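Working through the structure, step by step
The chain contents come next:
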Amino acid sequence: MEFFQKLYSHTNENLESDNTVVCSECDGTDMIVDPSRGERVCANCGLVIESRIIDQSQEWRAYNSEEENDRARVGSPANNMIADYGLRTHISNISFDANGTRLTSEKRYEFTRLSRLDNRSRQGEIRNLRIALKELQRIKSQLELPEGIGQSASLIYRRALKKDLVRGRSIDGIIAASVYLACRTAGIPFTLKDIQPACSNISPKELGRSVRILIRDLNLRPANNDFISLIHRLGEQLELNMEARNLATVIIERAKQAGITVGKNPMSVSAAALYIAGVKTGQRRTQLDMAAAAKTTPVTIRNRFKELTEILDLEPIKIKRGPATSVLQKYFA
DNA sequence: ATGGTTTTTACTGCGTC
DNA sequence: GACGCGGTAAAAACCAT
């Protein structure tokens, strides 16, 4: 008996005695439970009575009653971005047992078969989710989105799945729309044009349609892309300082009051305001650069910019013609 | 489907470097 | 001549009805 206690002494503080079972080999009643190996062993003869016991002890320590209540859990937190919330079983493809002895081919076959059955039992209803969440991961990493966006996008998708909105439509389209809506609700200034290229085989049209379906059927009320975040996004891209950005926000405020922003692409209006602000603060960017950053055309920039100067009665802007410094040249030279 | 609105496409000439 | 800019007309895309 001392021998086996000594054998398991590496788990000294967790070592427990358990007298509820009887050893089938020697009729001994003293059992040793080793949580680190997940085994219950007869203290007398060392027979492993039970293996793969679940460790029910806590992985944390509570320092007050609040923590005691708060932290009652085992395992990692449930993760929305995994189809089964991370609560899965896994039977690995092993060829050795815990002692390092090679398994017989029959045993190995049995485990392979178990593993296959275990996997198969998890397919079916969550197969859709697995595909969708895999695509979500891909989009998320391609757009370098923060973790929270992935989580809320997967929540949106789960709701859509529950409401049977995915049937008959493409999984990729709905998940892309979920990402877009997650960005919108989180205030990340991404447009459809930003999301679409990161999607696989989803046309801009389909993406837009999917988004509208989700908004309608899930009663989502995403905030509009506000001009301020758009301005800062463009300003970052075009390397315009805070002075220019602040000026642009002032211009936008007055444009809003004048009511010339409704129905227009917010990106275009922001870019035009930023263009004016850039010129005024001595950081002129070419209209082509503005257009490229705003994913529109110089003509549209001109139209918005003209509107802004005219209706807002800004001081006429004297633009010195000739080559201007192109930020983009730096990257494509 | 339709009509109104915005955006894009394509093309022009002008001024500066 | 290359480049940036202003303007225009027509086509295309968009959106609410």
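Scroll up to find the structure.
About the thresholds
- Residues numbered from 1 in each chain as written.
- Chains lettered and ligands numbered in written order.
- Predicted model: local features only at pLDDT ≥ 70, side-chain atom pairs only at ≥ 80, totals over all residues.
- Heavy atoms only, no water.
- Helix = DSSP H or I, 4+ residues; strand = E, 2+ residues; numbered from the N terminus.
- Buried < 20%, exposed > 50% of the residue type's maximum accessible area, 1.4 Å probe, protein only.
- Contact = heavy atoms within 4.5 Å.
- Areas by Shrake-Rupley, 256 points an atom, 1.4 Å probe, with all protein chains shown as cover.
- Core = buried A, V, L, I, M, F, W, Y, C linked by side-chain atoms within 4.5 Å.
- Phe/Tyr/Trp six-rings, centres within 6.5 Å; stacked < 30°, edge-to-face > 60°.
- Expected span 1.5 Å × (residues − 1).
- Axes fitted to C-alpha atoms, helices over the stretch in contact; angles between N-to-C directions.
- Parallel < 35°, antiparallel > 145°, perpendicular 65-115°, else oblique.
- Left-handed = near helix turned anticlockwise from the far one by under 90°.

A word on the overall build of chain A. Broken down by element type, chain A carries 14 helices and 4 strands. Within the span of chain A, comprising 333 residues, buried residues form 39% of the whole. Relative to all contacts within chain A whose residues are 6 or more apart in sequence, the contacts with residues 24 or more apart total 59%. Roughly 20,500 Å² of accessible area belongs to chain A as shown, and the carbon and sulfur atoms make up 51% of that amount.

Counting residues in each nonpolar core, the largest one holds 34 residues, and the members touching the most others are Ile-139, Tyr-157, Val-179, Ile-195 and Leu-214. The set of elements that each furnish at least two residues to this core consists of α4 (127–142), α5 (147–162), α6 (171–186) and α8 (204–217). Apart from residues no more than four positions distant in its own chain, Val-179 is found in contact with Leu-136, Ile-139, Leu-145, Ala-153 and Ile-195. Counting residues in each nonpolar core, the second largest holds 29 residues, with Ala-255, Ala-272, Ala-294 and Leu-308 among its members.

On to the packing of aromatic side chains. The full count for this structure, using the stated rule, is 1 aromatic pair. Note on Tyr-275 and Phe-305: the rings are 5.1 Å apart at their centroids and 85 degrees apart in plane angle, and the pair reads as edge-to-face. Note that Tyr-275 is positioned in helix α11 (residues 266–280) and Phe-305 in helix α13 (residues 298–311), a separation of 30 residues in sequence. By relative accessible area, Phe-305 is classed as buried at 14%.

We now examine α5. Between its first and last C-alpha, α5 extends 23 Å over 16 residues, near the 22 Å set by a 1.5 Å rise per residue. Turning to α5, its buried residues number three or more, namely Ile-149, Gly-150, Gln-151, Ala-153, Ser-154, Ile-156, Tyr-157, Arg-158 and Ala-160. On its buried face, α5 is in contact with α4, α6 and α8. Just downstream of α5, Asp-164 is the residue with a positive phi angle, here 65 degrees.

Here we take up the packing of α6 against α8. Put simply, α6 and α8 touch, their axes get as near as 8 Å, and they point 70 degrees apart. Taken together, α6 and α8 sit at an angle that is classed as roughly perpendicular. With respect to the hand of their crossing, α6 and α8 are arranged in right-handed fashion. Of α8, the residues touching α6 (which contributes Gly-173, Ile-174, Ala-176, Ala-177, Ser-178, Tyr-180 and Leu-181) are Leu-207, Ser-210, Val-211, Leu-214 and Ile-215.

Turning our attention to unusual backbone geometry. Of note, Glu-239 is a non-glycine position whose phi angle comes to about 60 degrees, a positive value. The residue Glu-239 is located in the loop between α9 (227–237) and α10 (242–258) in this model. Assessed through its relative accessible area of 37%, Glu-239 is described here as partly exposed. The phi dihedral of Lys-295 is positive, around 55 degrees, even though this residue is not glycine. Along the chain, the position of Lys-295 falls in the loop between α12 (287–293) and α13. For Lys-295, a relative accessible area of 37% translates into the label partly exposed.

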